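# Breakdown of the fold
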Amino acid sequence: MEICRDSNICGGCVYQGVPYEEQLANKEGEVRGLLEKKDIKYEELLPIEPAPDRYAYRNKMEYTFGDMVKDGPTTLGMHKKKHFMSIITVDQCQLVHDDFNKVLRGVLDFVTERGYSHYHKKTHKGLMRHLIVRRGVRTGELLVNVVTSSEEGFDEKAFTEMILALPLENTVVGVLRTINDRLADAVYCDELKILYGRDYYMEEIMGLKFKVSAFSFFQTNVEAVENLYSYALSLIDDFENKTAFDLYCGTGTITQTLAKKACKVIGIELVEEAVEAAKSNAALNGLDNCEFIAGDVFKVLNTVEDKPEVIVVDPPRVGMSVDALDKIISYGVDQIVYISCNPKSLAENLYYLQYYGYRVKSVKPFDNFPGTKHVECVCLMSKVK
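Residues numbered from 1 in each chain as written. Predicted model: local features only at pLDDT ≥ 70, side-chain atom pairs only at ≥ 80, totals over all residues. Heavy atoms only, no water.

### Points about the pattern of salt bridges
- Scanning the model with the defined rule gives 23 salt bridges in all.
- When the shortest N-O distance is used, the salt bridge between Glu43 and Arg359 registers 2.6 Å. Taken together, the residues span a long stretch of sequence, with Glu43 in strand S1 (residues 42–45) and Arg359 in strand S16 (residues 358–366) at a distance of 316 residues.
- Linking Asp306 and Lys264 is a salt bridge whose minimum nitrogen-to-oxygen distance equals 3.3 Å. In this pair, Asp306 sits in the loop between helix H7 (297–301) and strand S14 (310–313) while Lys264 sits in strand S12 (residues 264–269), placing the two residues 42 residues apart along the sequence.
- Its relative accessible area of 26% is what places Asp306 among the partly exposed residues. (Salt bridge = Lys/Arg side-chain N within 4 Å of Asp/Glu carboxyl O. Helix = DSSP H or I, 4+ residues; strand = E, 2+ residues; numbered from the N terminus. Buried < 20%, exposed > 50% of the residue type's maximum accessible area, 1.4 Å probe, protein only.)

### Details of unusual backbone geometry
- Positive phi is not limited to glycine here, since Asp71 has a value of about 65 degrees.
- In this structure, Asp71 sits in the loop between strand S2 (60–67) and strand S3 (74–80).
- Positive phi, close to 55 degrees, is recorded for Met206, a residue that is not glycine.
- Structurally, the position occupied by Met206 is in the loop between strand S9 (200–205) and strand S10 (208–213).

### A closer look at empty space enclosed by the protein
- Per the stated rule, a full pass over the model turns up one cavity of 30 Å³ or more.
- Looking at the largest cavity, the residues that line it are Thr64, Phe65, Tyr119, Lys121, Met128, Arg129, His130 and Asp185.
- When contributions to the lining of the largest cavity are tallied by element, the ones reaching two or more residues are S2 and strand S5 (128–136).
- Examining the composition of the lining of the largest cavity, we find that three residues originate from one element, S5, more than from any other.
- Classifying every residue of the lining of the largest cavity by side-chain character gives three nonpolar, two polar and three charged. (1 Å grid on protein atoms, 1.4 Å probe; cavity = no way out; pocket = protein on both sides within 12 Å on 5 of 7 lines; lining within 4 Å. Points joined across faces, edges and corners; volume = space filled by probe spheres on them. Nonpolar A, V, L, I, M, F, W, Y, C, P; charged D, E, K, R; others polar.)

### Side note on the pairing of strand S13 (residues 290–294)
- The pairing of S12 with S13 spans five bridges and is classified as parallel. Looking at the pairing, Glu269 lines up with Ala294 of S13.
- Once you follow S12 into helix H6 (residues 272–284) and on to S13, the crossover reads as right-handed. (Pairing = 2+ DSSP bridges. Right-handed = clockwise from strand over helix to strand, strands pointing away.)

### Concerning the pairing of strand S7 (residues 171–179)
- Where burial is concerned, most of S7 is hidden: eight out of the nine residues are buried.
- In this region the chain leaves strand S6 (residues 141–148), passes through helix H3 (residues 156–165) and returns to the parallel neighbour S7; the handedness of that crossover is right-handed.
- Direction of pairing for S7 relative to strand S8 (residues 191–197): antiparallel, over a ladder of six bridges. Directly across from Thr178, in S8, lies its bridge partner Leu192.

### Observations concerning the packing of helix H1 (residues 20–37) against helix H9 (residues 343–355)
- Packing of H1 against H9 brings their axes to within 9 Å, and their N-to-C directions diverge by 30 degrees. Judged by the angle between their axes, H1 and H9 are roughly parallel. Note on packing geometry: the crossing formed by H1 with H9 is right-handed. Judged by residue contacts, Glu30, Val31, Leu34 and Leu35 of H1 engage Pro343, Lys344, Ala347 and Leu350 from H9.
- Residue classes in the contact of H1 with H9 are distributed as six nonpolar, no polar and two charged. (Axes fitted to C-alpha atoms, helices over the stretch in contact; angles between N-to-C directions. Parallel < 35°, antiparallel > 145°, perpendicular 65-115°, else oblique. Left-handed = near helix turned anticlockwise from the far one by under 90°. Contact = heavy atoms within 4.5 Å.)

### As for the layout of surface pockets
- If you add up the space inside the second largest pocket, you get close to 320 Å³.
- Lining the second largest pocket are 16 residues, with Asp67, Lys70, Met85, His120 and Lys122 positioned closest to its centre.
- For the lining of the second largest pocket, the secondary structure elements donating two or more residues are S2 and strand S4 (83–89).

Laid out in structure tokens, this is it:
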């Protein structure tokens, strides 16, 4: 595929034009460097796992309305590299299915033709704020969510008709309008209107069905994360008929996969909406041996009477707190599988676990986001006897 038209100005991809083998080598080298800097004694650093697809892999995009130059025509897309106030229209993005580009262009033309204003970050006035497009990769379902202020003048009926008339490969199952009057330049939902269809799409991963609502977290690259999760679970010697903990469980993909074999699985997640989604998805998949609890991992673990025999952790970018690490160490389980989206915080957490009696058996990087700087890792730790 040719180098993206916007590669010099878009802040999304740092590796445009860089040969893929070089991208992989750089990411693998970054992981190795961070582990060695923290003096992590790993038994093996396995080769990085390439992505199943380098292009059109993202199942969600959050676009911003703005302008490229002050008081210029309305644009819709991503922040310009090193210029946070400037927005560039990215209707030829290579990281998404082409339906995303068609929806973006259709929405921008609709807004431009009607003369709708975009929201200004300094004056806090204007109608159009964001556009969120989500896609079920395995189901071919699309969810289109336009985010506006409560200013009058937005023609919901005409907008819906325009979206449904677009020549798309996937099927639009929901057209939504989110009202957001908060000052911050982020997507908040003061009110959600369903203009057409429903406020969720369906997805399938690891042989399980998932109902993904408008704002719930879900893995961005379905094909790649399925490889990562399958590998992570293969590292556990045996979880059949055992009690397992899935910490920072999100919408419970790993929890439910563990529940197919384990006696009982407890998933803990800070975001309440993700926990509610996990509960409904477990019911959808007919799993009654997994329990989901919303709250801070350390605080929740202090109230849980069950003792785990297997622990899987998949923390946010900041990694795990010392309190959470101490609690995990106190269980003394034989194996801990650590899934990380930030090798820097992973190295810091491994240093702590290593000091308190765990050996790093293996670390394997995964390139789940080709073209970008991000790299994921799966690490197996075993208790030193």
